[in-house]
Amino acid sequence: MLLLTGICVLYWCSAILLYIIKWIYPCTYANTLLLYGKLRDDNNESVKSNEDGWIGLVTNGMVFPVCTTRIFFVSMYAFALALFFILGCFVVLFKNEIFGFELDLQLVVPQFGLMFVQLLRRFCECIFLHKFSYKRVTTFHVLCGFSYYFVVVLGLYTDLTEIAIRALDDKHNVLALALFLFGSSFQSWCHFVLAHTKPAKGQAKYGVPDLFPFQHIAAPHYLSEILIYVALFVVGSGRRLCVAFNLLFVIVNLTDSACNTWRWYRTAFQPPLSNPPRFAIL
């Protein structure tokens, strides 16, 4: 378990370090490598590496468009749900062999239940609600997306030992459930608003949401995602390492994306918006 925990922590730290490097040493290539969807300029030739040999081959391969955003998100959440199901079956069937003692499955239901609902809701939204653009997802984002959920599931598995030896406080579970329900419903509302936003004048594809809370916040759906992962952290009483590092990465990743979205609202429209969102995420 210690080795698997170390792998998960190393993954989170490496991902966070990438954003720190981007913030300290901003460059066009680093920014474009991390951008996706409407924020990404596929026609920008400066994103390509000028390096020769294998370095140029690898870096250019990372920004090579692979599939549409719809295919990417649907397949990514299907992959995560499949891994989650396999892990659940493995724990139920081999719990005694894994831990060496009888594991009370009621202790793992709060953490696993909330995560399963989150993945299932996002999968259903991708199929029935979202209106994806025809932007193509790069090799880098495909690798990051699938590896992210692999490490999330692996982290849940490594945290099972901590769950097994610590009885979770009911107060934490109630607080986590309330926060999770609020974050999930708030995010679904935000996704509904985005899906029904019509293209704005001067834009062929993208519009400006005019319903609450988009008048004030550029990316409230990212804020709600952070609240959901805070709930997953709280349900573990804040004592599980992998969940903590996962939450830290989610905060860093989505805050960066929200700031990019906030800047996009100020530069993507002609004429410029008269009243763009005041805040990026909060």
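Look up a bit, the structure's there.
Residues numbered from 1 in each chain as written. Predicted model: local features only at pLDDT ≥ 70, side-chain atom pairs only at ≥ 80, totals over all residues. Heavy atoms only, no water.

Description of the nonpolar core
One finds Tyr77, Met115, Leu119, Tyr148, Tyr149 and Tyr229 to be the most contacted residues of the largest nonpolar core, which totals 55 residues. Sorting the residues of this core by element identifies helix H1 (2-24), helix H2 (28-34), helix H4 (69-99), helix H5 (109-128), helix H6 (139-158), helix H8 (170-195), helix H9 (220-234) and helix H10 (241-267) as the ones contributing at least two each. Top element by residues in this core is H4. It accounts for ten residues. Sequence-distant contacts of Tyr148, defined by excluding residues within four places in its chain, comprise Tyr11, Trp12, Tyr229, Asn246, Phe249 and Val250. If you look at the next biggest cluster of nonpolar residues, it comprises eight residues, including Leu39, Tyr206, Ala218 and Trp264. (Core = buried A, V, L, I, M, F, W, Y, C linked by side-chain atoms within 4.5 Å. Buried < 20%, exposed > 50% of the residue type's maximum accessible area, 1.4 Å probe, protein only. Helix = DSSP H or I, 4+ residues; strand = E, 2+ residues; numbered from the N terminus. Contact = heavy atoms within 4.5 Å.)

Focus on the packing of aromatic side chains
Taken as a whole, this structure holds 17 aromatic pairs when the rule is applied. When the ring of Tyr19 is compared with that of Trp23, the centres are 6.2 Å apart and the planes differ by 50°; the resulting orientation is tilted. One end of the pair is Tyr19 and the other is Trp23, both in helix H1 and four residues apart, which spans about a single turn. Its relative accessible area of 46% is what places Trp23 among the partly exposed residues. Among the aromatic side chains, those forming a connected cluster through ring pairs are Tyr11, Trp12, Tyr19, Trp23, Tyr77, Tyr148, Tyr149 and Phe249. (Phe/Tyr/Trp six-rings, centres within 6.5 Å; stacked < 30°, edge-to-face > 60°.)

Some points on empty space enclosed by the protein
Tallying each qualifying case throughout the model produces three cavities of 30 Å³ or more. In this structure, the largest cavity spans a volume of roughly 80 Å³. Secondary structure elements with two or more residues in the lining of the largest cavity: H5, H6 and H10. With four residues, H6 is the single largest residue contributor to the lining of the largest cavity. The volume enclosed by the second largest cavity comes to roughly 40 Å³. Around the second largest cavity, the lining residues are Tyr19, Leu34, Leu35, Tyr36, Leu39, Asp256, Ser257 and Asn260. The element that contributes the greatest number of residues to the lining of the second largest cavity is H10, accounting for three residues. By residue class, the composition of the lining of the second largest cavity is five nonpolar, two polar and one charged. (1 Å grid on protein atoms, 1.4 Å probe; cavity = no way out; pocket = protein on both sides within 12 Å on 5 of 7 lines; lining within 4 Å. Points joined across faces, edges and corners; volume = space filled by probe spheres on them. Nonpolar A, V, L, I, M, F, W, Y, C, P; charged D, E, K, R; others polar.)

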